[in-house]
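Here are the chains, one letter per residue:
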Amino acid sequence: MNEHTIQQTDSTDPSVESPGTACEITEFPEEPVGTLGSTTEIEQFYPDEVVGNIPPFPHLLRHPLKAAFWVIRMVFGIACLVLFLAIIAAVPIVNFIALGYLLDVEGRVARTGKIRLAFPLLDIAPRLGTIVIGVALWLIPLFLLAGAAADAHLIDPGGSSDRNLHLINRLAAIAIAVHLCLALARGGTFWCFVRPLKNAIWLYRQIRAGGYLDRAAGHVSDFFASLKLGKNFSLGLRGFLGALIWLIIPSAMFAAASSPEGGQGGAVAVTLLGGLILVIVLGWLPLLQAHFAAENRFRAMFELKTVRRKFKRSPLLWMLSLVIVYLLSLPLYLFKVAALPRDAIWGITLIFVATIYPTKILLGWVYHRASAKTKNAWFGWRWLSRTLILPLLAVYVFILFFTQFIGVHGNRVLMEHHLFLLPVPF
């Protein structure tokens, strides 16, 4: 978990830290579901969890326009958020940030049980989407002028039309570049992109007031700090390594039958044994990764005893969530059939992120429900859940074995596990 500074409330209690010192919270409050209802109550226990909190929905009858605007803003923000994650997920190394963000979402819901806290960048996402749209619209005239200048050069090289169009293209590029920089400097809202004259006036006033560069540097620093790139990269990297440790041995064994080394009979036996181990691992790994996301400790990825205890408290919910998670993840292997150009990967990662995002929210919510309970469920429900989930996971692993014969990566597809590792088709 994150470290929080807690003031001493009882000076006679030696177990309480002295004022101003930091202590590690290893267990979040075991509150019943729904007790942390308000933002103020959440902030008392989780001061970082209120970032991206969805604003309350306006009354539909009293404020219909505000309600409609709320819906449009939320849909646009979530779409921009998924698009942003899809773009960074397509970039090697940087895609650990996307995985870290998904784990952060899972951890937020696991700690609080609040679905509205599952979008920590929702305050920034609409602005990012507006910036992308504004920049794209202003680049369209440049593309048209560049095409016209290229045609003029082919038709009349060195002629007056060729020279004039190239000159106009250069001047337009400079003017649009300056306008876009000023629009971004003012905040990147929609009106900043459509009012270039006001942008120039604003810059003149900022320069006259003095200290503009310092203020601009502060705003840029605050913006990147709000993205928490370093924190999400660390979370994604540790989550990746923890899941890889669980998956690498059974996955390598599971892919043995398609390897040319060794005898065929021995390879089949190793594959069957690897598949059996993989069924067991896939049964516990979603719970372990949710536990890691909630605790934000690498060792939590291997605390199987704690996860088993949480499973006993809510077995039917865990079984249902595992069925939904694996049903959503299996069709994604179809997008690994053909190799796409590098610049087109983000289009496929968009589908991966949009599919995996809800599963992280679901697993986090089920984890919170199990953590909030103090008594184990009836033993009959526990055994029923185990009895049903094992054959279903066996079917999943059986289908997974044949994905290596339709995927462009061959048996390497059995090592990718986009549900737990990187949310990408490679």
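Along the protein chain, the regular secondary structure elements total 14 helices and two strands. Out of the 426 residues belonging to the protein chain, those deemed buried represent 40%. Contacts in the protein chain between residues at least 24 apart in sequence constitute 71% of all its contacts with a sequence separation of at least 6. Of the accessible surface of the protein chain, which amounts to about 22200 Å², a share of 71% is contributed by carbon and sulfur atoms.

Helix length check: helix α8 (residues 212-227) (16 residues) gives 23 Å between terminal C-alpha atoms against 22 Å at 1.5 Å per residue, within 8%. Just downstream of α8, lysine 228 is the residue with a positive phi angle, here 55°.

Below, the discussion takes up the nonpolar core. Side chains that are nonpolar tend, in soluble globular proteins, to be buried together. Membership of the largest hydrophobic core comes to 75 residues, with the highest contact counts inside it found for Leu282, Trp318, Tyr326, Tyr357 and Phe420. Of all elements in the fold, only α2 (64-89), α3 (95-112), α9 (229-254), α10 (264-295), α11 (304-313), α12 (315-329), α13 (345-372) and α14 (379-401) reach the threshold of two or more residues within this core. The biggest single contributor to this core is α10, with 12 residues. Ignoring any residue separated from it by four or fewer positions in sequence, one finds tyrosine 326 in contact with Leu282, Gly283, Pro286, Leu393, Tyr396, Leu419 and Phe420. Ranked by size, the runner-up nonpolar core spans seven residues in total, among them Leu180, Ala183, Cys192 and Phe193.

For the rest of this paragraph, the subject is the layout of surface pockets. The volume enclosed by the largest pocket comes to roughly 620 Å³. Residue lining of the largest pocket: 19 residues in total, with Leu184, Ala185, Gly187, Val220 and Phe223 positioned closest to the centre. Put simply, the parts of the chain that give the lining of the largest pocket at least two residues each are α4 (125-155), α5 (160-185), α7 (196-209) and α8. The element contributing the most residues to the lining of the largest pocket is α8, with seven residues.

Okay, α9 next. Taking 1.5 Å as the rise per residue, α9 with 26 residues should run 38 Å; its terminal C-alpha atoms sit 35 Å apart, in good agreement. Maximum bend of α9: about 40°, positioned at leucine 247, with proline proline 250 one to four residues after it. Buried residues of α9: Asn232, Leu235, Gly236, Gly239, Phe240, Gly242, Ala243, Leu247, Pro250, Ser251, Met253 and Phe254, and no others.

Pairs can form between side chains of opposite charge once their charged atoms are near each other. Within the structure shown, the criterion is met by five salt bridges. A salt bridge links arginine 108 to aspartate 104, with the shortest nitrogen-to-oxygen separation between them at 3.0 Å. Linking arginine 108 with aspartate 104, this pair stays in helix α3, spanning four residues, or about one helical turn. Taken individually, arginine 108 and aspartate 104 each receive the classification buried, so the pair is uniform in this respect. Between glutamate 303 and arginine 297 there is a salt bridge whose closest N-O contact spans 3.2 Å. Of the residues examined, glutamate 303 reaches a relative accessible area of 22% and is grouped as partly exposed.

So, on to the side chain of histidine 417. Residue position: histidine 417 is located in the segment after α14. In this structure histidine 417 comes out as buried when scored by relative accessible area, which is 3%. A polar contact of 2.8 Å, which involves the side chain of histidine 417, links it to the backbone oxygen of leucine 414. Apart from residues no more than four positions distant in its own chain, histidine 417 is found in contact with Leu247, Ser251, Leu278, Tyr333 and Leu400.

A word on the packing of aromatic side chains. The full count for this structure, using the stated rule, is 18 aromatic pairs. Relative to tyrosine 396, the ring of tyrosine 326 has its centre 4.7 Å away and its plane inclined at 55°; by these criteria the two rings are tilted. Placement of the pair is tyrosine 326 in helix α12 and tyrosine 396 in helix α14, with a sequence separation of 70 residues. For tyrosine 326, a relative accessible area of 4% translates into the label buried. The exposure class of tyrosine 396 is buried, given its relative accessible area of 9%. Among the aromatic residues, ring-to-ring pairing joins Phe254, Phe398, Phe401, Phe402 and Phe405 into one connected group.

Time to look at the confidence of the model for the protein chain. On average, residues of the protein chain score 82 in pLDDT, and 84% of them reach the 70 mark or higher. pLDDT under 50 marks residues 1-48. Its contacts with residues more than four places away, or in other chains, come to 79 contacts.

Let's shift gears to the environment of leucine 422. Along the chain, leucine 422 falls in the segment after α14. Along the backbone, leucine 422 and leucine 237 are 185 residues apart, and their C-alpha atoms lie at a distance of 9.6 Å.

Cut-off values and rules
- Residues numbered from 1 in each chain as written.
- Predicted model: local features only at pLDDT ≥ 70, side-chain atom pairs only at ≥ 80, totals over all residues.
- Heavy atoms only, no water.
- Helix = DSSP H or I, 4+ residues; strand = E, 2+ residues; numbered from the N terminus.
- Buried < 20%, exposed > 50% of the residue type's maximum accessible area, 1.4 Å probe, protein only.
- Contact = heavy atoms within 4.5 Å.
- Areas by Shrake-Rupley, 256 points an atom, 1.4 Å probe, with all protein chains shown as cover.
- Expected span 1.5 Å × (residues − 1).
- Core = buried A, V, L, I, M, F, W, Y, C linked by side-chain atoms within 4.5 Å.
- 1 Å grid on protein atoms, 1.4 Å probe; cavity = no way out; pocket = protein on both sides within 12 Å on 5 of 7 lines; lining within 4 Å.
- Points joined across faces, edges and corners; volume = space filled by probe spheres on them.
- Bend = angle between axes of the 7 residues up to and from the residue.
- Salt bridge = Lys/Arg side-chain N within 4 Å of Asp/Glu carboxyl O.
- Polar contact = N/O pair within 3.5 Å; in protein donor to acceptor, adjacent residues only side chain to side chain.
- Phe/Tyr/Trp six-rings, centres within 6.5 Å; stacked < 30°, edge-to-face > 60°.
- pLDDT = per-residue confidence, 0-100.

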